[in-house]
Structure formats: C-alpha cells, structure tokens
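Here is what each chain is made of, one letter per residue.
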Amino acid sequence: MILFDNCRFLIAEPNPEGVIENGWVLVDGPVIKAVGGPTDSPRAEVRAQGGEVIDCSGKLVMPGLIDTHNHLANYALNLLPGIDPSSLEYTGISECLEKFIWPAYTWVSSESTYDLTLLSMCNAIKHGTTTITSAFPFPDDTYRAGVESRMRLIIHPQTVSNVLLGDGLDDDGYLAQTEETIRNYHNAEDGRIQVATHPHCTYSCTERLLLGCMELAERYDVGFVTHLLNCPEDREMSDAQYAAWGGTVAYLQARNLLQERTLFFHCDQVNRQEAEVFAEAGVAISHNPQSNATYHGCVADVPALREAGVTLGLGTDMPAGNIFDNIYTAYLVNAVVPLDQEAQFEPWVPIEMATIGGAEALRLGDKIGTLEAGKRADIITVDLRRNTTLYPLNAGNLLYWIVTKCAGTLAADTMVDGTFLMRDGEFTFLDEEAIIARSDEWMIRFESWYRSRKASGQPVTVRKYPDYENR
C-alpha cells in the first residue's frame with residue numbers, strides 16, 4: 001500500500017467542492033482504496049502493515065492528466081519549418097496536410113515510430129499526463145512503447161485512403177491491420193492499453209474505410225475516432241463533398257457514425273445545432289486549442305458545446321505539447337472567442353476537460369479522471385515548494401491558478417495503476433537520455449530524406465487520389 005498523506009492540496013474532483021486541504025489518498029495495488037480529509041488519515045495502519053507513507057505537505061496531488069488526441073511519433077513535423085520554411089506557407093487544411101503533415105508520415109518507419117513514441121511519452125510523463133492516445137501508423141510499435149513506458153495508452157491506428165504513408169497499406173490492408181490490432185492489444189496489460197478504430201478524416205478516407213472502421217468498432221465494442229471540421233476550409237470542402245446528404249454532419253448521422261463510441265478531434269466549425277445533434281447521440285469531442293490556434297487560427301466554441309451537453313476532453317495534437325499548456329490555452333482562447341459570448345465557463349472547466357472529461361470522452365470515466373475509491377490509481381503530484389508561479393495558494397484560488405499559471409509545469413511524481421513512472425522528478429523505467437539520443441538520429445535521417453527528395457524532384461507526399469474525392 002502507498003499513502004499520499006497530509007497533501008497540502010488534494011484535488012479529488014475538478015471543482016471547488018473537490019478540493020481538500022491536508023487530505024490523503026490510499027493506493028492498494030493498481031487501485032485507489034480510499035480518499036479522506038485531515039482528521040482520519042490511516043497512516044498508522046498503513047505503517048503497521050508495511051506500506052509506504054509519503055509526506056505530501058508541500059505538494060499538490062491530483063488526478064493524472066488525459067490527452068485525448070495526439071500523434072505521438074510525429075516529431076519530424078517540428079523539424080520541417082527549419083528545413084523548409086515554405087512548409088508553413090499554406091492557406092487551408094488540404095495544403096497544410098500536403099506540405100506540413102504528410103511528409104513525416106511518408107518517411108516514418110516501424111523503428112522510428114517506436115523510438116519517437118517513447119520520446120513523446122517521456123515528455124507527457126514529465127508534464128503530468130498519465131493517459132495518452134496516439135493516432136499514427138505502425139500500431140505494433142506504438143504498443144511496444146506503451147508497454148515499456150507503462151502509461152495508460154489508447155492506440156488509434158492511423159488509416160487513410162488518399163495518400164500513401166510509410167506503411168504502404170491500402171483500405172483492405174488498413175482494415176485488416178485495425179482488426180488485428182484490436183484482437184492483439186485491446187485491454188492488454190490489465191486493461192491499461194486499449195484500441196479504437198481511426199479513419200483519418202471524412203475527406204481523406206473512402207466511404208468503405210469510414211464504414212469499415214465503424215463496423216469493426218461495433219463488432220469489438222471499441223471506440224471510433226476521427227478528425228472533423230478542423231477549420232473553415234475543412235467545413236467548406238467537406239460539406240461540398242457531402243452536399244447530396246445535406247452536409248457532413250447530416251452524412252455522419254445518416255450513416256450511423258454518430259454514436260456514444262464516437263470521438264471527434266477538433267470540431268472548430270461545429271455550430272450550435274450540430275452540437276445538439278452530437279450531444280443527443282452521445283458523441284464526444286477532443287478540444288485541441290493550442291494546435292488549432294497555432295496552425296489554423298480558429299478554435300472550437302467550448303461554451304456552446306458545453307451548453308449543448310457535449311462531452312469534452314482536451315488534446316495536444318502534437319508530440320512536444322503538454323496538457324498543462326492546453327489547460328491554460330483553453331481558458332485563454334475562450335475568453336475572447338467567440339467575441340459575442342458574454343458567459344464563458346467556470347475557471348475549473350479546463351481542468352475538468354483534462355481529467356474526468358477526457359476520461360468520459362475515452363469511455364473510461366468509471367476507471368480514471370477523479371481520485372475516488374475503486375478507480376485506478378493514476379495520480380500526479382506538483383512540488384509547491386519549488387514552484388514560483390503557483391504562489392500564493394489557498395483552497396479558494398487553487399483551481400484558478402492551476403488554469404492560468406500552470407502552463408509548462410513539471411510533475412514531481414507520476415503514477416499509473418499504482419506504479420510510479422516518475423518519482424521525485426526522475427524516471428523509474430525510461431532512459432530519457434538514451435531515448436533522446438536515438439531520436440536525434442531519426443531526425444538526422446528525416447532531414448536527409450526530405451532534402452534528397454526535394455533535390456531530386458520526388459514528392460514528399462505521395463497521393464493515391466485527390467482530397468475530397470468521394471469513392
């Protein structure tokens with residue numbers, strides 16, 4: 001047993017009522033056994049039974065953060081602007097994919113996926129993320145990295161029809177690979193690793209791939225995830241593609257793709273009426289404020305989505321991002337967007353999206369997202385003795401300061417299923433320096449590949465057929 005005792009601040013739930021001063025959390029194996037306040041700590045009993053008592057009088061203790069959308073091994077994207085500044089010269093989502101996103105997917109290999117996924121997991125663990133998702137090719141290697149890191153992982157095997165990725169698969173190959181990934185890895189590692197089907201997007205996948213992924217999701221009772229309505233161009237082109245159906249959302253509804261198992265990424269162009277349709281169907285959305293504000297200049301209307309009753313998680317959408325940054329960005333952008341919104345949301349809502357909201361979006365709300373008896377012991381601590389931004393703190397301002405002042409914060413301890421992945425700022429399983437060294441080699445190889453392709457006139461994105469062609 002492990003007792004997080006005498007916590008200066010304990011966030012059992014992401015709201016003012018969930019903040020406990022001098023509280024405690026008792027972990028027994030992979031689960032939380034009990035949570036309480038200052039008057040009933042079981043420290044004597046735990047010591048008598050040979051358990052460990054951790055003095056958290058100088059720490060904030062809270063649920064592990066949840067990243068509902070990421071492409072873990074796509075570090076080459078970050079390198080591109082320094083190799084070729086024109087990669088950032090795009091006017092919409094189609095050109096962004098062509099010049100900035102797909103080149104890394106064209107180059108990527110099984111081996112690079114493993115190493116770069118581990119690098120991303122190091123970054124996530126350091127910043128307090130305990131549950132992470134990865135939309136990427138080579139799911140076997142994503143799984144291997146998940147086993148090694150011991151993070152809670154949901155594998156989203158990347159499938160796409162209109163471009164040829166490094167895995168070289170077509171629709172048939174992707175559907176077969178997705179089914180094999182589910183059979184091999186869903187609920188592996190005592191449920192710590194799961195799988196959801198992932199057609200890349202409505203406009204980049206054939207209808208056969210979209211419907212085939214949902215058929216697999218229904219057959220095996222797993223999630224179904226995809227990018228949706230990411231920016232104004234996406235809205236215009238997607239609706240044009242599905243004009244015969246009355247637009248994209250009408251098509252998704254008619255094809256039974258709006259279900260409780262459905263998680264959409266981005267949804268920056270979803271209007272209020274569509275938000276109500278999503279809420280009624282039980283669809284969840286991963287809000288990616290930092291990625292969208294940075295690369296597309298627009299973000300989802302979170303107040304409208306919340307008012308409609310849509311379940312919202314928070315995602316980074318990039319391997320070098322972190323959820324603490326996105327907690328702050330989510331609060332900041334929705335303070336001014338949309339401009340006609342007077343009522344926004346309570347200060348703790350971004351923390352809610354990063355914890356229990358994300359858990360519910362991933363269909364794990366009964367297992368993680370809050371600190372309560374019976375849930376899995378996914379716990380992080382922040383050392384307040386060495387944190388000059390979170391000062392001064394009291395129970396009344398704690399949640400507000402976490403949202404507005406915690407960007408970039410490092411965790412002191414990161415625990416998943418009752419096991420420390422990081423203890424007192426040090427990794428317990430991963431060799432960070434070795435992982436970075438291997439990743440450096442992959443970035444050198446990517447740069448060489450990219451420059452060689454450009455110099456020889458070969459495409460860095462290989463097309464099967466044009467975007468927005470409905471087959």
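Structural data are supplied above this passage.
Residues numbered from 1 in each chain as written. Predicted model: local features only at pLDDT ≥ 70, side-chain atom pairs only at ≥ 80, totals over all residues. Heavy atoms only, no water.

Overview of the overall build of the chain
A count of helical and extended segments in the chain gives 16 helices and 19 strands. Radius of gyration (C-alpha) of the chain: 22 Å, near the 23 Å computed for a compact globule of 471 residues. Looking at the chain as a whole, 61% of its 471 residues qualify as buried. Taking all contacts inside the chain whose residues are at least 6 apart in sequence as the whole, residues at least 24 apart take part in 73%. Surface accessibility of the chain: about 17,500 Å² in total, with carbon and sulfur atoms responsible for 47%. Of the side-chain charges in the chain, 35 are positive and 65 negative, and the distance between the mean point of each set is 4 Å. (Helix = DSSP H or I, 4+ residues; strand = E, 2+ residues; numbered from the N terminus. Rg over C-alpha atoms; globule rule 2.2 N^0.38 Å. Buried < 20%, exposed > 50% of the residue type's maximum accessible area, 1.4 Å probe, protein only. Contact = heavy atoms within 4.5 Å. Areas by Shrake-Rupley, 256 points an atom, 1.4 Å probe, with all protein chains shown as cover. Lys, Arg positive; Asp, Glu negative; His and termini not counted. Charge placed at Lys NZ, Arg CZ, Asp CG, Glu CD.)

Remarks on the pattern of salt bridges
This model, assessed by the stated rule, comprises 32 salt bridges. The closest approach of N and O atoms between Glu-52 and Arg-423, which form a salt bridge, is 2.5 Å. In this pair, Glu-52 sits in strand β4 (residues 52-55) while Arg-423 sits in strand β17 (residues 419-423), placing the two residues 371 residues apart along the sequence. One salt bridge connects Arg-192 with Glu-189, and the closest N-O pair in it is separated by 3.2 Å. By sharing partners, the salt bridges in this structure join Arg-152, Asp-190, Arg-376, Asp-378 and Asp-417 into a single network. (Salt bridge = Lys/Arg side-chain N within 4 Å of Asp/Glu carboxyl O.)

Re the nonpolar core
In this structure, Leu-60, Trp-107, Phe-264, Phe-278, Phe-324 and Ile-327 are the most contacted members of the largest nonpolar core, which totals 115 residues. Broken down by element, this core gets its largest block of residues, 9 residues, from helix α3 (residues 93-107). Ignoring any residue separated from it by four or fewer positions in sequence, one finds Trp-107 in contact with Ala-76, Ser-112, Leu-116, Trp-442, Met-443, Arg-445, Phe-446 and Trp-449. By size, the runner-up hydrophobic cluster in this structure holds 15 residues, among which are Cys-7, Ile-32, Val-61 and Ala-377. (Core = buried A, V, L, I, M, F, W, Y, C linked by side-chain atoms within 4.5 Å.)

Here we look at the state of the cysteines
Counting across every chain of the model gives 0 disulfides. Unpaired in this structure, Cys-205 has its nearest cysteine sulfur neighbour in Cys-213, at a distance of 6.9 Å. (Disulfide = S-S within 2.5 Å.)

Thoughts on the packing of helix α6 (residues 171-185) against helix α7 (residues 207-220)
Viewed as axis vectors pointing N to C, α6 and α7 meet at an angle of 15 degrees, and their least axial separation amounts to 10 Å. Between α6 and α7, the angle is such that the two are roughly parallel. Relative to α7, the crossing made by α6 is right-handed. Residues Asp-171, Asp-172, Tyr-174, Leu-175, Thr-178, Glu-179, Ile-182 and Arg-183 of α6 pack against Arg-208, Leu-209, Gly-212, Cys-213, Leu-216, Arg-219 and Tyr-220 of α7. Its residues assigned to classes, the contact of α6 with α7 shows 7 nonpolar, 2 polar and 6 charged. (Axes fitted to C-alpha atoms, helices over the stretch in contact; angles between N-to-C directions. Parallel < 35°, antiparallel > 145°, perpendicular 65-115°, else oblique. Left-handed = near helix turned anticlockwise from the far one by under 90°. Nonpolar A, V, L, I, M, F, W, Y, C, P; charged D, E, K, R; others polar.)

Some points on the layout of surface pockets
Over the atoms, a rolling probe the size of a water molecule traces out where space has been left empty. Computed from the structure, the largest pocket encloses a volume of approximately 280 Å³. In the lining of the largest pocket, the residues fall into 6 nonpolar, 5 polar and 4 charged. There is about 200 Å³ of room inside the second largest pocket. Forming the boundary of the second largest pocket are 18 residues, of which Gln-194, Val-222, Gly-223, Leu-362 and Arg-363 lie nearest the centre. Put simply, the parts of the chain that give the lining of the second largest pocket at least two residues each are β8 (152-157), β10 (193-197) and β11 (223-228). Ranked by residues supplied to the lining of the second largest pocket, first place goes to β10 with 3 residues. (1 Å grid on protein atoms, 1.4 Å probe; cavity = no way out; pocket = protein on both sides within 12 Å on 5 of 7 lines; lining within 4 Å. Points joined across faces, edges and corners; volume = space filled by probe spheres on them.)

Re the packing of helix α13 (residues 323-333) against helix α15 (residues 398-405)
Where α13 meets α15, the axes come as close as 7 Å, and the angle between the chain directions of the two elements is 100 degrees. Classed by the angle they form, the pair α13 and α15 counts as roughly perpendicular. Side by side, α13 and α15 meet where Phe-324, Ile-327, Tyr-328 and Tyr-331 of the first sit next to Tyr-400, Ile-402, Val-403 and Thr-404 of the second. Tallied by class, residues from the contact of α13 with α15 come to 7 nonpolar, 1 polar and no charged.

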